[in-house]
Amino acid sequence: MNFVKDFWGIGGYVREPEGYMSWQHLTFVSSLMVVMIAAAVILGCKNRKKAPERRNLALQVSAVLVLFFKLVEIVAPCFFNNDPMGWTTSLPLFLCDIQMITVPLAAFARGRMKEASLDFVAMFGMLGAIFGTYCAGQNYACYPVISYNNVLSGITHTISGFASLYIIIAGLSSMKRRNIWISFAIVMGFCVAAYIANIIIDYNYMFLMRGDGTPYDIVYNLVNGSKILYPILVVALFFAYIVVFYLMYYVLMKKASKTK
């Protein structure tokens, strides 16, 4: 019972945080990564030649699970920590959290929106999984490794990473050039929403205000914490990543076609 109480942080955590990049942190997130990669490879290879409906089933399950765990993560601080406004700092407004929207769209939407969402998850799911586990200095420096903050966050990020790898391995992504603008629009829409939320509740969604112990600190320090240049450069990096991903995809596809 004491473990359950401490896991949810009821009354405050008794255990001291093991620390960012501690062996406990690295062991925990590496375990999640091994399960994530193994599941994506096994299911992706198994379903690659099946009908689209059968290949889509794994994504539908992923969409339901990622929404469930994110909902628990949002509600938990309100319920267990007696903090009615705790949900304001758990909203799905980080880069990794965009997958809470795009994974369900990739699984259940149709037509061009499904195509664009599949491509978006393929591009950002794995990136978010790495940033939200190995690079999550803001979490692992503040909370014990085995706590709801880190466990639920780790699960949601690795489900998104699974979806990303699965889409690529199962051959579900199309990477059509016409859909790149939808990816830009999705990122821009979330950045605007996150920036507005940051101003209203004084938070740091999408890391648009500061680095908070993540690799974004490099950019933050580069511009000396400029409140104008820093968020502009962060958004520019998101766009640059999309462009580079598309370029690498077409270069690799061109090389693959020459080897056949």
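Residues numbered from 1 in each chain as written. Predicted model: local features only at pLDDT ≥ 70, side-chain atom pairs only at ≥ 80, totals over all residues. Heavy atoms only, no water.

Caption draft 1: Just the overall build of the protein chain, in detail. Tallying secondary structure elements over the protein chain gives 10 helices and zero strands in all. From first element to last, N terminus to C terminus, the protein chain shows the α and β order α-α-α-α-α-α-α-α-α-α. In terms of overall size, the protein chain behaves like a compact globule, its C-alpha atoms giving a radius of gyration of 19 Å where 260 residues would be expected to give roughly 18 Å. Counting every position in the protein chain, which comprises 260 residues, the buried fraction comes to 47%. Of all intrachain contacts in the protein chain linking residues separated by at least 6 positions in sequence, the fraction that spans at least 24 positions is 74%. Total accessible area on the protein chain is roughly 13400 Å²; 71% of this is exposed by carbon and sulfur atoms. (Helix = DSSP H or I, 4+ residues; strand = E, 2+ residues; numbered from the N terminus. Rg over C-alpha atoms; globule rule 2.2 N^0.38 Å. Buried < 20%, exposed > 50% of the residue type's maximum accessible area, 1.4 Å probe, protein only. Contact = heavy atoms within 4.5 Å. Areas by Shrake-Rupley, 256 points an atom, 1.4 Å probe, with all protein chains shown as cover.)

Caption draft 2: Layout of the packing of helix α3 (residues 52–80) against helix α7 (residues 148–169). Relative orientation of the contacting elements α3 and α7 amounts to 160°, with a least axis distance of 10 Å. Taken as axis vectors, α3 and α7 run roughly antiparallel relative to one another. Between α3 and α7 lies a crossing whose hand is left-handed. Of the residues that constitute the contact of α3 with α7, the class distribution is 16 nonpolar, four polar and four charged. (Axes fitted to C-alpha atoms, helices over the stretch in contact; angles between N-to-C directions. Parallel < 35°, antiparallel > 145°, perpendicular 65-115°, else oblique. Left-handed = near helix turned anticlockwise from the far one by under 90°. Nonpolar A, V, L, I, M, F, W, Y, C, P; charged D, E, K, R; others polar.)

Caption draft 3: Up close: the nonpolar core. Within the largest apolar cluster, 30 residues are counted, with the highest numbers of intra-cluster contacts made by M206, F238 and I242. Residue assignment for this core shows that the elements contributing at least two residues are α5 (111–131), α8 (180–201), α9 (216–222) and α10 (229–259). Here this core gets eight residues from one element, more than from any other, and that element is α8. If near-sequence neighbours (up to four positions away) are discounted, F238 is found in contact with L95, F124, V187, C191, M206 and Y216. Of all hydrophobic cores here, the second largest spans 20 residues; its members include A40, L59, A129 and A170. (Core = buried A, V, L, I, M, F, W, Y, C linked by side-chain atoms within 4.5 Å.)

Caption draft 4: Up close: the environment of N204. Following the sequence through the fold, N204 ends up in the loop between α8 and α9. N204 sits in the buried class, given a relative accessible area of 2%. Note: C-alpha distance between N204 and N56 (148 residues apart in sequence) is 34 Å. Once you skip the residues sitting within four places of it in the chain, N204 turns out to touch F94, N198, M209, R210 and D212. In this structure the side chain of N204 is engaged in a polar contact, spanning 3.0 Å, whose partner is the side chain of D212. (Polar contact = N/O pair within 3.5 Å; in protein donor to acceptor, adjacent residues only side chain to side chain.)

Caption draft 5: Quick peek at α5. Here α5 spans 30 Å end to end across 21 residues, near enough to the 30 Å set by a 1.5 Å rise per residue. The largest bend in α5 amounts to roughly 35° and is located at F124. (Expected span 1.5 Å × (residues − 1). Bend = angle between axes of the 7 residues up to and from the residue.)

Caption draft 6: A look at the pattern of salt bridges. Following the criterion strictly, the structure yields six salt bridges and no others. Its salt-bridge partner being R15, residue D6 comes within 2.5 Å of it at the nearest N-O pair. Its relative accessible area of 27% is what places R15 among the partly exposed residues. The salt bridge partner of R178 is E115, with a shortest N-O separation of 3.3 Å. Of this pair, R178 sits in the loop between α7 and α8 while E115 is found in helix α5, placing the two residues 63 residues apart along the sequence. Within this structure, K70, E73 and D97 form a network of salt bridges that share partners. (Salt bridge = Lys/Arg side-chain N within 4 Å of Asp/Glu carboxyl O.)

Caption draft 7: Focus on the side chain of T88. Topologically, T88 is positioned in the loop between α3 and α4 (99–108). Judged by its relative accessible area of 11%, T88 is buried. When neighbours within four sequence positions are excluded, T88 is seen to be in contact with I201 and Y205.

Caption draft 8: Spatial organisation of the confidence of the model for the protein chain. On average, the protein chain scores 90 in pLDDT, and the residues at 70 or more come to 97%. The element-level mean pLDDT for the protein chain is lowest in helix α1 (residues 2–7), coming to 79, with helix α2 (residues 23–47) highest at 97. (pLDDT = per-residue confidence, 0-100.)

Caption draft 9: Seen up close, the packing of aromatic side chains. In the structure shown here, the tally under the stated rule is 20 aromatic pairs. Taking the centre distance of 5.1 Å and the plane angle of 40° together, the rings of F94 and F207 count as tilted. Note that F94 is positioned in the loop between α3 and α4 and F207 in the loop between α8 and α9, a separation of 113 residues in sequence. With respect to class, F94 is no different from F207; both count as buried. Ring centres of F162 and Y166 lie 5.6 Å apart, and the angle between their planes is 20°; on these two criteria the pair is classed as stacked. On the criterion of helical spacing, the pair formed by F162 and Y166 is a turn pair, its members being four residues apart in helix α7. (Phe/Tyr/Trp six-rings, centres within 6.5 Å; stacked < 30°, edge-to-face > 60°.)

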